[in-house]
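Now for the letters of each chain:
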Amino acid sequence: MASSSSCRTWHCLLALFLLSSAAYGQLSPSFYAKSCPKLELIVRSTMTKALLAERRMGASLLRLYFHDCFVQGCDGSILLDDVGSFVGEKTALPNGNTVRGYEVIDEIKKNVELVCPGVVSCADITALAARDGVFLLGGPSWAVPLGQRDSATANLNEANSDLSVTSLSLDVLIALFAKKNLSPRDLTALLGAHTIGFSQCANFRDHIYNGTDIDPAFATLRKRSCPAQAPDGDGNLAPLDVQTQLIFDNAYYHNLVAKRGLLSADQLLFNGGSQDALVRQYAANPELFESDFATAMIKMGSLSPPSGPPTEIRRNCRVVNS
Ligand code: HEM
Ligand SMILES: *[C@@H]1O[C@H](CO)[C@@H](O)[C@H](O)[C@H]1NC(C)=O
């Protein structure tokens, strides 16, 4: 770079250092402290409004964020609509018909753009919305690593491959998370997200009818609203946490110990394998769960897109800038 050879004063060097660290995608909770100091307030108030309209939205936005981060990193790729020849991730098998909350992201983005136009990425808005959803439902809070940029691409294939598994076992789940540099402990903490929100019958039918690792009384209860024969009742909802479905607590782990996990994937964490001891610890110690969950969310939120593809601050979260 021509400018670097002529950069001799300390503040010039400092400016270069700051520029280059931004270019390397340094994430920091104070990323917008100067450029958009009201950001977190705007997200919190819009999320509060969204949860007053529908409490489940806290769960839905948490799931949306997970499905964003596992595909190309936390880059807002999941938010892109299919338009013309552009095919995004919304129709991927694990996303279509189950991921919800896109309108809430639009609403937050609209409110943020009014105050700091063109500054805050849709990726970061999604991260803050997920954090606030957890907090507003009674869960922990954490300092979100901000400064992620929005991708100009999406990846339908990666959404199909990295958000679902063909054969289900604890080892397969551990490998799925290891691919994202998340440890088995992170996996067990992050699945605690299933302490809030709902699943459709189509996604737990097999477990309640064919599962061997399930409390029979719990299976009977769930069968009442989930008929055996697909597609009958495919979309019927049941809470992922049979005890406190819209409170972010550690009841999920109590359920697992009692063999009342709703999804096969849930019960895999407590089936005589390597995560049993940790599940018992989280059931006994809610503070430990909350702090491990927050740590794992920060780790997941630090997943960045592979370097190369262009990134931007999208004006509209649903389309790449033209
Ligand atoms: C192996 C990992 C995982 C699997 C197999 C899985 C699977 C599922 C399935 C099948 C549903 C129900 C979707 C529906 O029927 O509409 C669901 C819901 C949900 N998942 Fe996961 N999940 C996993 C990990 C995670 C993680 C890491 C998080 C967040 C950190 C998360 C958060 C949620 C939430 C909050 C809901 C409820 C959403 C709502 O009510 O709108 N899940 N998950
Ligand atoms: C139970 O498993 C069998 C064999 O894999 C399968 O054909 C059947 O559809 C399953 N039943 C339900 C309700 O999922």
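Residues numbered from 1 in each chain as written. Chains lettered and ligands numbered in written order. Predicted model: local features only at pLDDT ≥ 70, side-chain atom pairs only at ≥ 80, totals over all residues. Heavy atoms only, no water.

(A) Region of the structure containing the site of ligand 1. As a matter of local geometry, ligand 1 sits amid 23 residues, with Arg-56, Ser-60, His-194, Gln-200 and Asn-203 nearest to it. At a separation of 2.9 Å, a nitrogen atom of ligand 1 approaches a polar side-chain atom of His-194. In the environment of ligand 1, an oxygen atom lies 3.4 Å from a nitrogen or oxygen atom belonging to the side chain of Ser-199. Contributing elements (two or more residues each) for the shell around ligand 1: helix H4 (57-69), helix H8 (170-178) and strand E2 (198-200). Here the shell around ligand 1 takes five residues from H4, the largest share from any one element. Of the residues contributing to the shell around ligand 1, the split by class is 13 nonpolar, seven polar and three charged. Each of domain 1 (4-164 + 300-312) and domain 2 (170-293) contributes no fewer than three residues to the shell around ligand 1. (Near = heavy atom within 4 Å. Polar contact = N/O pair within 3.5 Å; in protein donor to acceptor, adjacent residues only side chain to side chain. Helix = DSSP H or I, 4+ residues; strand = E, 2+ residues; numbered from the N terminus. Nonpolar A, V, L, I, M, F, W, Y, C, P; charged D, E, K, R; others polar. Domains from an automatic or database assignment.)

(B) How the structure looks around the environment of Leu-163. Turning to its location among the elements, Leu-163 is positioned in the loop between helix H7 (156-162) and H8. Sequence separation between Leu-163 and Asn-95 is 68 residues; the distance between their C-alpha atoms is 8.6 Å. Setting aside anything within four residues of it in sequence, one finds Leu-163 in contact with Phe-66, His-67, Phe-70, Val-71, Pro-94, Asn-95 and Glu-158. (Contact = heavy atoms within 4.5 Å.)

(C) Quick peek at the coordination of the iron atom of ligand 1. Donation to the iron atom of ligand 1 from the protein comes from one atom only, His-194 (NE2), at 2.1 Å. Among the secondary structure elements, His-194 is positioned in the loop between helix H9 (184-190) and E2. (Donors = N, O, S within 2.8 Å, 3.2 Å for Na, K, Ca; no water.)

(D) Molecular detail of the site of ligand 2. In the vicinity of ligand 2, the residues found are Arg-205, Asp-206, Tyr-209, Asn-210 and Ala-228. Within the side chain of Asp-206, one N or O atom sits 3.4 Å away from an oxygen atom of ligand 2. Within the complex, the protein chains bury 38% of what would otherwise be the 360 Å² of accessible surface of ligand 2. Here the residues of the shell around ligand 2 are counted per class, giving two nonpolar, one polar and two charged. (Areas by Shrake-Rupley, 256 points an atom, 1.4 Å probe, with all protein chains shown as cover.)

(E) Quick peek at the nonpolar core. Grouped together as the largest cluster of nonpolar side chains are 74 residues, with contacts concentrated most on Leu-62, Phe-293 and Met-300. Of the residues that make up this core, three or more belong to each of domain 1 (4-164 + 300-312) and domain 2 (170-293). Non-local contacts of Met-300, meaning those with residues more than four positions away in its chain, are made with Tyr-65, Phe-66, Cys-69, Phe-70, Cys-74, Leu-182 and Leu-190. (Core = buried A, V, L, I, M, F, W, Y, C linked by side-chain atoms within 4.5 Å. Buried < 20%, exposed > 50% of the residue type's maximum accessible area, 1.4 Å probe, protein only.)

(F) Focus on the domain arrangement of the protein chain. Domain boundaries assigned for the protein chain yield domain 1 (4-164 + 300-312) and domain 2 (170-293). Spacing between the C-alpha centres of domain 1 and domain 2 amounts to 26 Å. Contact residues are listed per partner, giving 21 residues for domain 1 and 18 residues for domain 2. Buried area between domain 1 and domain 2, summed over both chains or domains, comes out near 1,600 Å², and the portion from carbon and sulfur atoms is 68%. Seen at the junction of domain 1 and domain 2, the total is three salt bridges. The partner of Asp-162 in a salt bridge is Lys-180, with the nearest N and O atoms 2.7 Å apart. Inspection of the region where domain 1 meets domain 2 yields seven residue pairs in polar contact (both at pLDDT 80 or more). Counting only elements with at least two residues in the side of domain 1 that touches domain 2, the list comes to H4 and H7. In terms of residues, the side of domain 1 that touches domain 2 owes the most to one element, H4, which gives four residues. Residues belonging to the side of domain 1 that touches domain 2 are distributed by class as follows: 10 nonpolar, seven polar and four charged. (Buried area = accessible area lost by both parts, 1.4 Å probe. Salt bridge = Lys/Arg side-chain N within 4 Å of Asp/Glu carboxyl O.)

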